[in-house]
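For reference, the chains in residue letters:
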Amino acid sequence: MGRFHRHADGTGHDEEHEPELRSVGDHSGYPETGRSRVAVLESILSENDRVADANRRLFAAAGLRAVNLMSSPGAGKTALLRRTIVELGSDVRVGILEGDIETSLDADRLEGLGAAVSLVNTGDGFGGECHLDATMVSSGLDRLPLDDLDLLLVENVGNLVCPAEFDVGEHAKAMVYAITEGEEKPLKYPVMFRAAEVVLVNKVDLLPHLDFNLNLFLSNLSDVNPGATIIRVSARTGEGVADWCDWLRSLRNRPPDPADQ
Amino acid sequence: MHELSLCQAILETVEARSGGRPVRRVDVRIGYFRQVVPDSLRFAWEMLTEGSNLSDCELGIESVPAVVRCRTCAATTTLDLPVLACATCESLDVELVSGEEFQLASFDVTADAV
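Residues numbered from 1 in each chain as written. Chains lettered and ligands numbered in written order. Predicted model: local features only at pLDDT ≥ 70, side-chain atom pairs only at ≥ 80, totals over all residues. Heavy atoms only, no water.

Chemist: Go over the sheet that holds strand β8 (residues 229-232) of chain A, please, and point to the residues and values.
Modeler: Residue and element names in this part refer to chain A. Reading across from one edge, β4-β3-β5-β2-β6-β7-β8 is the order of the 7 strands in this open sheet, with parallel pairing throughout. Each edge of the open sheet is held by one strand with a lone partner, namely β4 (116-121) and β8. Ignoring which end each strand starts from, the neighbouring axes of this sheet average 20° apart. Contacts from helix α4 (residues 77-88) reach β2 (65-71), β3 (94-100), β5 (151-155), β6 (172-178) and β7 (198-202) within the one sheet, and its direction differs from that of β5 by about 170°. Running at roughly 155° to β8, helix α9 (residues 214-224) makes contact with β6, β7 and β8 of the sheet. (Pairing = 2+ DSSP bridges. Helix = DSSP H or I, 4+ residues; strand = E, 2+ residues; numbered from the N terminus. Axes fitted to C-alpha atoms, helices over the stretch in contact; angles between N-to-C directions. Contact = heavy atoms within 4.5 Å.)

Below you can see the structure in the form of structure tokens.
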């Protein structure tokens, strides 16, 4: 078979080419059409990653650490952020980059707590983007006083799939999971649960009222991401928020440019 | 939605690398852990490329299985659930060998637009 049917890794898939080969004769017809294969072997997301690296350099220059906070819709990201800003107090200067498909409702809830808030509505994307990518985050950074911040919390669009794929230049990915979502979520959404360095198990104040099996959830989480840091929290009562804030403060010990890690 | 975002990313990467040459085919390698549905990806690809300079550009998708190697018994297991465990000795101390690929493998161009 002609060399045009080989992937760079040596695998082939000749049949898939048949329909178009009919129009150009047999395999030897390829060179006559001037057709050639360019091997790339790089991440599909390399364009996004290039912008993410630029964001990271901005963060490093400003001396701040950034966390990409993800969850399904309604898991309690915004409520938890309100608690977080208050708990961190005046010794950590916080900026929030808020991603939402439409409306400023979540951004409004975060106003007046002492954090700088920048809203990125993703509704202008193709059909309303379901995640923040590096370029969208970059566009929202102009409205934040980066040099005056210690910590940037990126509140991603509520979605358990797409946000996990896109590096936005963060130093760490964290996710909020609510126990009302059921024990099997890590197995259904392994991409997200594997991407998160920290999993905040939210709404633990509801444990006495639910049939939720916490140990089963923790076992499922461990199956897909054995190294995850787990913090039990309640955005309603404030339980565990101090532990989460301690973890956020510990990010100061990481080099501002993750490439130096 | 997931597949649409990914197609957009594939398009951007191809456009950045192809230097304006007509692209006839794009081949990607996608691991099991990426949770991509090939049919949805093809559908999104047709939708996004239609009417663009990549219309009629074919998308080849190679699905890469998730394989782990056991650090205890050295056996390899191809996973059919996203549970990182060795099927031979049931150890959880395993290393992921493949399954997270998200790669643009290659694209085919015609040298000269006629």
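There is more to say after this.
Chemist: Tell me about the sheet that holds strand β6 (residues 102-110) of chain B, and please be specific about residues and values.
Modeler: Sheet strands pair by backbone hydrogen bonding; their relative direction is either parallel or antiparallel. As summarised here, the arrangement of the 4 strands in space is β1(A)-β6(B)-β1(B)-β2(B), forming an open sheet in which the pairing is mixed. Only two strands of the sheet have a single partner each, and these edge strands are β1 (35-43) of chain A together with β2 (58-64) of chain B. Neighbour to neighbour, the strand axes of the sheet diverge by 15° on average, direction disregarded. Here strand β1 (residues 23-31) of chain B pairs with β2 of chain B via 7 bridges, running parallel. In the strand pairing of β2 of chain B, D27 of chain B is matched with G60 of chain B. Against the sheet, helix α2 (residues 38-49) of chain B engages β1 and β2 of chain B, with an angle of about 160° to β2 of chain B.

Chemist: A description of the pairing of β2 of chain A should follow, citing residues and the corresponding values.
Modeler: Residues and elements named next belong to chain A. With respect to burial, β2 is a largely interior element, 7 of its 7 residues being buried. Here β2 shows two buried faces, one formed by R65, V67, L69 and S71 and the other by A66, N68 and M70. Direction of pairing for β2 relative to β5: parallel, over a ladder of 5 bridges. The residue of β5 that forms the bridge with A66 is L152. (Buried < 20%, exposed > 50% of the residue type's maximum accessible area, 1.4 Å probe, protein only.)

Chemist: I'd like to hear about the packing of aromatic side chains, residue by residue, with values.
Modeler: Applying the stated rule across the entire model yields 7 aromatic pairs over all chains. For the ring pair Y177 of chain A and F193 of chain A, a centre distance of 6.0 Å and an interplane angle of 65° mean the geometry is edge-to-face. With Y177 of chain A in strand β6 and F193 of chain A in helix α8 (residues 190-195), this pair connects stretches of sequence that are 16 residues apart. When its relative accessible area of 0% is taken as the criterion, Y177 of chain A is described as buried. Ring centres of Y32 of chain B and F33 of chain B lie 5.5 Å apart, and the angle between their planes is 75°; on these two criteria the pair is classed as edge-to-face. Looking at Y32 of chain B, the relative accessible area reads 31%, which means it is partly exposed. Take F33 of chain B: its relative accessible area is 3%, and that puts it in the buried class. Here the aromatic residues Y177, F193, F212 and F217 of chain A are joined through ring pairs into a cluster of three or more. (Phe/Tyr/Trp six-rings, centres within 6.5 Å; stacked < 30°, edge-to-face > 60°.)

Chemist: Go over the interface of chain B and chain A with me, naming the residues and quoting the values.
Modeler: The partner chain A presents 40 residues to the 41 residues of chain B that form the contact. Of the roughly 3,500 Å² buried between chain B and chain A, counting both surfaces, carbon and sulfur atoms make up 55%. Considering only the surface of chain B that becomes buried against chain A, Q35, P82 and F102 of chain B emerge as the three largest contributors, covering 13% of it. Counting across the interface, chain B meets chain A through 7 salt bridges. Residues E47 of chain A and R17 of chain B are paired through a salt bridge, measuring 3.4 Å at the closest nitrogen-oxygen approach. Where chain B touches chain A, the interface holds 17 residue pairs in polar contact (both at pLDDT 80 or more). The set of elements that each furnish at least two residues to the side of chain B that touches chain A consists of α1 (2-18), β1, α2, β2 and β6 of chain B. The biggest single contributor to the side of chain B that touches chain A is α1 of chain B, with 10 residues. Here the residues of the side of chain B that touches chain A are counted per class, giving 21 nonpolar, 8 polar and 12 charged. In this structure, β1 of chain A lies alongside β6 of chain B, joined through 7 bridges in antiparallel fashion. Among the inter-strand pairings, S43 of chain A is bridged to a residue of β6 of chain B, identified as Q103 of chain B. (Buried area = accessible area lost by both parts, 1.4 Å probe. Salt bridge = Lys/Arg side-chain N within 4 Å of Asp/Glu carboxyl O. Polar contact = N/O pair within 3.5 Å; in protein donor to acceptor, adjacent residues only side chain to side chain. Nonpolar A, V, L, I, M, F, W, Y, C, P; charged D, E, K, R; others polar.)

Chemist: Account for the side chain of S118 of chain A, naming residues and giving values.
Modeler: Within the element layout of this structure, S118 of chain A appears in strand β4. With relative accessibility at 1%, the residue S118 of chain A sits in the buried group.

Chemist: Can you break down unusual backbone geometry residue by residue, with the values?
Modeler: Despite not being glycine, L41 of chain A has its phi angle at roughly 50°, a positive value. Although it is not a glycine, E90 of chain B sits at a positive phi angle of roughly 65°. Note on placement: E90 of chain B falls in the loop between β4 (76-78) and β5 (94-98). On the basis of relative accessible area, E90 of chain B is assigned to the exposed category, the value being 66%.

Chemist: For the confidence of the model for chain B, give the residues involved together with the corresponding values.
Modeler: As a note on interpretation, predicted positions should not be read in detail where pLDDT is low. All names here are of chain B. On average, chain B scores 91 in pLDDT, and the residues at 70 or more come to 96%. Confidence, expressed as mean pLDDT per element, reaches its minimum in chain B at α1 with 88 and its maximum at β4 with 97. Predicted complex, confidence summary: ipTM 0.81, pTM 0.82. (pLDDT = per-residue confidence, 0-100.)

Chemist: Run through the environment of G95 of chain A, naming residues and quoting values.
Modeler: Residue and element names in this part refer to chain A. You can see G95 is positioned in strand β3. Taking the C-alpha atoms as reference points, G95 and L153, 58 residues apart in sequence, are found 6.2 Å from one another. Once residues lying within four places of it in the same chain are set aside, the contact partners of G95 are A116, L149, L151, L152 and L153.

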